[in-house]
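Examination of the molecular architecture
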Amino acid sequence: MLERIGISIPEELLSAFDEYIKKHKYEARSEAVRDMIRQTLLNERVEQDDENAIGVLVIIYDHEKRDISSKLIHHQHEHVNFILSTLHIHLDKHNCLELIVLKGLIKDINEIADEIISSKGVVFGQLVKSGI
Ligand code: NI
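These notes cover the structure that comes with them. (Residues numbered from 1 in each chain as written. Predicted model: local features only at pLDDT ≥ 70, side-chain atom pairs only at ≥ 80, totals over all residues. Heavy atoms only, no water.)

**Some thoughts on the coordination of the nickel ion**
Spelled out, the test is: Metal coordination here is assigned from N, O and S atoms located within 2.8 Å of the ion, or within 3.2 Å for Na, K and Ca; omission of water means that sites may look incomplete. Only protein chains enter the accessibility calculation, which uses a 1.4 Å probe. A residue is then buried if its area is under 20% of the maximum for its type, exposed if over 50%, and partly exposed in between.
Within the first shell, the nickel ion binds the protein through His88 (NE2), His90 (ND1) and Cys96 (SG), at distances of 2.0 to 2.4 Å. Mapping the donors of the nickel ion onto the primary sequence yields the spacing H-x1-H-x5-C. Judged by its relative accessible area of 31%, His88 falls in the partly exposed class. For His90, a relative accessible area of 62% corresponds to the exposed category.

Here is the structure:
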């Protein structure tokens, strides 16, 4: 069930918002406002250590750096109960991109991601979390 609300908003802010929704291809303000509310609530939730979440960890590393491949595989086997899936893409002669999908308590997901991202040879690492 949908509820209607009315809000007052300064003209300049509304005009900036309208530019934003046009740029991001929203058809109507309502869906953009709903998405912003959802995102704000989600951002707060994924800061709570004891909530469950799904995390997608993206890393890039040079597989020729000493021991990096076996260390990353070791980390993943250590945390096998949290890892749902891993996708490995050979980007070029040296670089590999890996997507690691994690599920569990946010504090555990953060810890595993930190361990992997801080491994020597990982040149990029970013964790995206979402509630489940
Ligand atoms: Ni590779």
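**Side note on unusual backbone geometry**
Counted only if it meets this: A run of H or I in DSSP becomes a helix once it reaches four residues, and a run of E becomes a strand once it reaches two; helices and strands are each numbered from the N terminus.
Here the phi dihedral of Lys25 falls at roughly 65 degrees; this positive angle occurs in a residue that is not glycine. For Asp67, which is not glycine, the phi dihedral falls at a positive 65 degrees. Within the secondary structure layout, Asp67 lies in the loop between strand 1 (52–62) and helix 3 (68–78).

**Examining the pairing of strand 3 (residues 95–105)**
Within a regular strand, side chains alternate between the sheet's two faces. The line we're drawing: Should DSSP find at least two bridges between two strands, the strands are regarded as paired.
Sheet topology note: the strand 1/strand 3 ladder contains 11 bridges and is antiparallel. What sits directly across from Val56, in strand 3, is Val101. Relative to strand 3, strand 2 (residues 83–90) is paired through seven bridges, and the arrangement is antiparallel. When the sheet's bridge partners are listed, Ile89 is paired in strand 3 with Leu97. Hairpin remark: strand 2 followed by strand 3, antiparallel, with four residues in the connecting loop.

**Comments concerning the pairing of strand 1**
Pairing analysis gives nine bridges linking strand 1 to strand 4 (residues 122–131), with the strands arranged antiparallel. Paired with Ala53 across the bridge in strand 4 is Gly131.

**Considering the sheet that holds strand 2**
Formally: Where helices are involved, their axes are fitted lines through C-alpha atoms of the stretch in contact, as for all axes, and angles between N-to-C directions lie from 0 to 180°. The contact definition used throughout considers only heavy atoms, calling two residues in contact when any of these lie within 4.5 Å.
Taking strand neighbours across the sheet as the criterion, the four strands line up as 2-3-1-4 in an open arrangement whose pairing is antiparallel. Two strands in the sheet have a free side with no partner beyond their single neighbour: strand 2 and strand 4. Strand-to-strand twist in this sheet, taken as the mean axis angle between neighbours without regard to direction, amounts to 15 degrees. Against the sheet, helix 3 contacts strand 1, strand 2, strand 3 and strand 4, and its axis sits at roughly 170 degrees relative to strand 1.

**A closer look at a nonpolar patch on the surface**
What counts here: Patch building starts from residues that exceed 30% relative accessible area and form no salt bridge, then joins like charges within 9 Å and nonpolar side chains (Val, Leu, Ile, Met, Phe, Trp, Tyr) within 5 Å. With residues, only the protein chains shown are counted as cover, and all accessible areas are computed by Shrake-Rupley using a 1.4 Å probe. Salt bridges are defined as contacts in which a side-chain nitrogen from Lys or Arg sits within 4 Å of a carboxyl oxygen from Asp or Glu.
Among the surface-exposed residues, Val33, Ile37 and Leu41 lie close enough to one another that they form a single nonpolar patch of about 260 Å² accessible area. A relative accessible area of 56% means that Leu41 is categorised as exposed.

**Observations concerning the nonpolar core**
Which entries qualify depends on this criterion: Among the buried residues, those of types Ala, Val, Leu, Ile, Met, Phe, Trp, Tyr and Cys that are joined through side-chain atoms within 4.5 Å form a nonpolar core.
Among the nonpolar cores identified, the biggest contains 17 residues, and Leu57, Ile59, Tyr61, Leu72, Ile100, Leu102 and Ile116 are the most heavily contacted of them. If you list the elements that add at least two residues to this core, you get strand 1, helix 3, strand 3 and helix 4 (106–117). Not counting the four nearest positions on each side in its chain, Leu102 is found in contact with Ala53, Ile54, Gly55, Leu57, Phe82, Ile83, Ile109, Ile112 and Leu127.

**Considerations on the side chain of His79**
Stated formally: Contacts described as polar in this section are N or O atom pairs within 3.5 Å, which, within protein, must combine one atom able to donate a hydrogen with one able to accept it, while residues neighboring in sequence count only if both atoms come from side chains.
Within the element layout of this structure, His79 appears in the loop between helix 3 and strand 2. Side chain to side chain, His79 and Glu115 meet in a polar contact 3.1 Å long. Leaving out residues up to four positions away in the same chain, His79 has contacts with Ile112 and Glu115.

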